[in-house]
Amino acid sequence: MTSLEDTLISVWRQALIDDARAVVLEGGTYPVRRTSRSKLREVDFQFEDQMLRGLEQNPKTNSRWARLAREGKKVMQSLRDGRYVANVVDGKVQFYGRSSGRAVTGSD
């Protein structure tokens, strides 16, 4: 079984680096869409029994992640139930707080 970290990196790589039209994971194929307002890439996908969303970082906001995106880094935020749980920058995952990581993985 693939870990959450490996899954998030795979989604990031396929959607932002490979510019794929769909992300392929063990559980299936998930279309990559563009948001209506900002045209950012997003993809809803399943990890274990949870639905997650990968969302390309908007470089026009004021966060440190947006600054990295403005510098040319590929940044993807991951959300569950509308809450940010992790991000991937240059193939590295950072979870938002250990409790968020545990809640998402269900196996820590």
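The coordinates are above.
Residues numbered from 1 in each chain as written. Predicted model: local features only at pLDDT ≥ 70, side-chain atom pairs only at ≥ 80, totals over all residues. Heavy atoms only, no water.

Engineer: What am I meant to see in unusual backbone geometry here?
Structural biologist: It is generally the case that most residues other than glycine have a negative phi and that most peptide bonds are trans. A positive phi angle, close to 60°, is found at Lys39, a residue other than glycine. Within the fold, Lys39 resides in the loop between strand E3 (33-34) and strand E4 (41-47). Non-glycine residue Asp90 carries a positive phi angle of around 50°. Residue position: Asp90 is located in the loop between strand E7 (83-89) and strand E8 (92-95). Residue classification places Asp90 among the partly exposed positions, given a relative accessible area of 41%. (Helix = DSSP H or I, 4+ residues; strand = E, 2+ residues; numbered from the N terminus. Buried < 20%, exposed > 50% of the residue type's maximum accessible area, 1.4 Å probe, protein only.)

Engineer: How do you make sense of the pairing of E7 when you look at a structure like this?
Structural biologist: In summary, the side chains of a regular strand alternate between the two faces of the sheet. Among the seven residues in E7, five count as buried, and that is most of the element. By the bridge criterion, six bridges tie strand E6 (residues 75-80) to E7 in an arrangement that is antiparallel. Each bridged residue has a counterpart across the sheet, and for Leu79 the counterpart in E7 is Tyr84. Between the antiparallel neighbours E6 and E7 lie two residues, among them Asp81 with a positive phi of about 55°. Looking at chain direction, E7 and E8 are connected through four bridges and run antiparallel. Among the inter-strand pairings, Ala86 is bridged to a residue of E8, identified as Phe95. (Pairing = 2+ DSSP bridges.)

Engineer: What am I meant to see in the sheet that holds strand E5 (residues 50-56) here?
Structural biologist: Strand pairing in a sheet takes place through backbone hydrogen bonds and is either antiparallel or parallel in direction. Pairing within the open sheet is antiparallel, and its six strands lie in the order E3-E4-E5-E6-E7-E8. A single partner strand is all that each edge strand has here, and the edge strands are E3 and E8. Seen against the sheet, helix H1 (residues 4-17) touches E4, E5, E6, E7 and E8 and runs at an angle of roughly 150° to E4. (Contact = heavy atoms within 4.5 Å. Axes fitted to C-alpha atoms, helices over the stretch in contact; angles between N-to-C directions.)

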